[in-house]
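# Observations on the model geometry
So the chains spell out like this:
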Amino acid sequence: MPMRIVVLGAGIAGVTTAFQLLKDGHEVVIVDSADAPASFTSFANAGLMAPGHAYAWSSPKAPGMMLRSLWRGDQAIRFRPSLSPRQWSWVLAFLGQCTAERATINTRAKSALCVYSQQVFHDVVRETGVAYDGRRGGLVYFYRTPASFTAAAAKCGILRQAGIAITVLERDAVAEREPALAGALSEIAGALVAEDDESGDANLFTRNLAEACARAGAVLRYRTHVNGFRLSGDVVRAATTRDGEITGDAFVLATGVMSPALVAPLGIRLPIYPVKGYSATLRITDPDRAPRFGGVDEDNLLAYCPMGERLRLTATAEIAGYDTSHRPKDFVQMLTKARRLFGHAADFDHPTYWAGLRPMTPTGMPIVDRSPIDNLWLNCGHGHMGWTMAHGCARILADLIGQRRPAIDTEAMRHDAG
């Protein structure tokens, strides 16, 4: 039965959810405090749609990286302790997932979701023709030491079990697949190529899909700050804002790192905490020598992604609270490493800087579920793979709202999972 559904959040999670709900015949209102869609976490992310990189961050290696980060600045996961009880509660839950057994379970769940989500994404692109500076043909994950390359080649079996096609490339074959890496070949031991991985601009996609939603009848309300809910008994009747109430039959929470605070007054606890990431965007100066495909320098955990005439670089996972500030020196290490790879192809002297907050759960799996309040639904906690996972999560949530069985198992996405 068609309903009036209010989607809170106009990032990639909220807009894809709105699109799927519109497909099912619902009346949809999208609400966001920003001036435009994809203005927060979805603004300048890595751009990699990467089922082939679905490994859980909560692994046996993570605690050591977090510990070393207290005195070293070169760790992929950085822990910046504070007096926040929420930070420590989340960190302890994260550390509880850092066993080999839990890492395997979480990686299997993530990879299944990522594969399904990519299928949904392709359906949406075919249906809408939405532009997003997309590139298909695989992503290249390269390793600098024989030990890390050998370990990765052995570990990728868990992804292959999920149906992800992985090609192992020895050093000499890497430059044939990605000529832009030829100058760094002496520092590369080998690479894995996830053949069906791809890339694109999540911000551009979200903005264009929001326009498609508007054409399909959605109401888009920007510059509207939701500060709570009005309940009648055990049912949400309205989202409250500075400009009045927004009523609906059902509500979807897709506000990323802001989600826990918004539902805490309702007695709902969400295990989501921000993990800060940094990106720099460069103008490509020599398209013939720029990377053909996106990828990751795995030993430095530096991601790169060509987007039209731009090259996006991303790095770092910093557990440091809700601060999005940044300084040029925060990007020095990232740009130094990337310049050695692609200095011949992009303008490294005039980067555009950005920092965003990934809404992470301890397991790395998003929360896609009905909340304890019957008509309040959750679609949040997509972490570092929102661009990859959002499309499948949107379809799953629409199916749950429509009382249909989702296409994949959703046990790991329950709000009380983990």
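For the structure itself, look to the data block above.
Residues numbered from 1 in each chain as written. Predicted model: local features only at pLDDT ≥ 70, side-chain atom pairs only at ≥ 80, totals over all residues. Heavy atoms only, no water.

### Here we look at the overall build of the chain
Counting secondary structure elements, the chain contains 11 helices and 20 strands. Taken against the 2.2 N^0.38 rule, which gives 22 Å for 418 residues, the C-alpha radius of gyration of the chain at 21 Å falls within 12% of a compact globule. For the chain, the C-alpha atoms occupy an extent of roughly 65 × 45 × 40 Å along the three principal directions. A buried classification covers 57% of the 418 residues belonging to the chain. (Helix = DSSP H or I, 4+ residues; strand = E, 2+ residues; numbered from the N terminus. Rg over C-alpha atoms; globule rule 2.2 N^0.38 Å. Buried < 20%, exposed > 50% of the residue type's maximum accessible area, 1.4 Å probe, protein only.)

### Section: the environment of alanine 50
Of note, alanine 50 is situated in the loop between β3 (48–49) and α2 (62–68). Overall, alanine 50 belongs to the buried group, its relative accessible area being 4%. Residues alanine 50 and aspartate 196, spaced 146 residues apart in sequence, show a C-alpha to C-alpha distance of 8.4 Å. Setting aside its immediate chain neighbours within four residues, alanine 50 contacts Leu139, Tyr141, Asp197, Met385 and Thr388. (Contact = heavy atoms within 4.5 Å.)

### With respect to the pattern of salt bridges
Throughout the structure, instances matching the rule amount to 25 salt bridges. In this structure, the salt-bridge partner of arginine 126 is aspartate 123, at a minimum N-O distance of 2.3 Å. Placement of both arginine 126 and aspartate 123 in helix α4 (residues 100–128) is noted, with a separation of three residues, approximately one turn of the helix. A relative accessible area of 61% means that arginine 126 is categorised as exposed. Salt bridges here are not isolated pairs; linked through shared partners, they connect Asp24, Arg395, Asp399 and Arg404. (Salt bridge = Lys/Arg side-chain N within 4 Å of Asp/Glu carboxyl O.)

### Looking at the side chain of arginine 358
Tracing the chain through its elements places arginine 358 in strand β18 (residues 352–360). One polar contact links the side chain of arginine 358 to the main-chain carbonyl oxygen of lysine 276, over a distance of 3.1 Å. Polar contacts involving the side chain of arginine 358 include one to the main-chain carbonyl oxygen of threonine 316, which spans 2.9 Å. (Polar contact = N/O pair within 3.5 Å; in protein donor to acceptor, adjacent residues only side chain to side chain.)

### Describing the packing of α4 against helix α11 (residues 386–401)
Here α4 crosses α11 at 80°, and the two axes come no closer than 7 Å. Looking at the two axes, α4 sits roughly perpendicular to α11. Across the interface between the two elements, Leu113, Cys114, Tyr116, Ser117, Gln118, Val120 and Phe121 of α4 pack against Trp387, Thr388, Met389, Ala390, His391, Gly392, Cys393, Arg395 and Ile396 of α11. Residues belonging to the contact of α4 with α11 are distributed by class as follows: 10 nonpolar, five polar and one charged. (Axes fitted to C-alpha atoms, helices over the stretch in contact; angles between N-to-C directions. Parallel < 35°, antiparallel > 145°, perpendicular 65-115°, else oblique. Nonpolar A, V, L, I, M, F, W, Y, C, P; charged D, E, K, R; others polar.)

### Comments concerning a nonpolar patch on the surface
A surface patch of nonpolar side chains, about 280 Å² in accessible area, is lined by Phe40, Met258 and Tyr322. With respect to the helices, strands and loops of the structure, tyrosine 322 is situated in the loop between β17 (310–319) and α10 (332–342). (Patch = residues over 30% accessible without salt bridge, like charges linked within 9 Å, V, L, I, M, F, W, Y side chains within 5 Å. Areas by Shrake-Rupley, 256 points an atom, 1.4 Å probe, with all protein chains shown as cover.)

### Overview of the layout of surface pockets
Of the voids in this model, the second largest pocket is the one considered here, and its volume is about 250 Å³. Among the residues forming the lining of the second largest pocket, the class breakdown is seven nonpolar, four polar and five charged. (1 Å grid on protein atoms, 1.4 Å probe; cavity = no way out; pocket = protein on both sides within 12 Å on 5 of 7 lines; lining within 4 Å. Points joined across faces, edges and corners; volume = space filled by probe spheres on them.)

### Concerning the sheet that holds strand β1 (residues 4–8)
If you walk across this open sheet you meet the six strands as β9-β2-β1-β13-β20-β19, and the pairing is mixed. Both edges of this open sheet fall to β9 (219–221) and β19 (367–370), since each of them pairs with a single strand only. Taking the axes of each pair of neighbouring strands and ignoring which way they run, one obtains an average angle of 15° across the sheet. In the packing of α11 onto the sheet, the strands contacted are β1, β13 (250–253), β19 and β20 (376–380), and the crossing angle to β20 comes to about 165°. (Pairing = 2+ DSSP bridges.)

### A word on the packing of helix α1 (residues 12–23) against helix α8 (residues 202–215)
Each pair of packed helices can be described by the angle between their axes along with the distance between the axes. The interhelical angle for the contact between α1 and α8, taken along N-to-C directions, is 30°, at an axis separation of 9 Å. Relative to α8, the element α1 is oriented roughly parallel. By crossing handedness, the relation of α1 to α8 is classed as left-handed. Residues Ile12, Val15, Thr16, Ala18, Phe19 and Leu22 of α1 lie in contact with α8, whose contacting residues are Phe205, Thr206, Leu209, Ala210 and Cys213. Per-class residue counts for the contact of α1 with α8 are nine nonpolar, two polar and no charged. (Left-handed = near helix turned anticlockwise from the far one by under 90°.)

### Things to note about the nonpolar core
Core analysis: the biggest nonpolar cluster contains 65 residues, and Leu21, Val28, Phe205, Cys213, Val252 and Trp387 have the highest contact counts within it. Sequence-distant contacts of valine 28, that is, excluding residues within four places in its chain, are made with Ile5, Val7, Ala18, Leu21, Leu22, Gly217, Ala218 and Val219. Residues Leu282, Leu302, Leu311 and Ala315 belong to the second largest nonpolar core, which totals 32 residues. (Core = buried A, V, L, I, M, F, W, Y, C linked by side-chain atoms within 4.5 Å.)

### Thoughts on the pairing of β18
Counted residue by residue, β18 has seven buried out of nine residues, so it is predominantly covered. Note that strand β14 (residues 273–283) and β18 share nine bridges and pair antiparallel. The residue bridging tyrosine 273 from the neighbouring strand is methionine 360, located in β18.

### Thoughts on the sheet that holds strand β11 (residues 235–241)
Spatial strand order, β10-β11-β12: three strands in an open sheet with antiparallel pairing. The open sheet has two edge strands, β10 (226–232) and β12 (244–247), and neither has a second partner. Strand-to-strand twist in this sheet, taken as the mean axis angle between neighbours without regard to direction, amounts to 35°. Relative to β12, β11 is paired through four bridges, and the arrangement is antiparallel. What sits directly across from alanine 239, in β12, is isoleucine 246.

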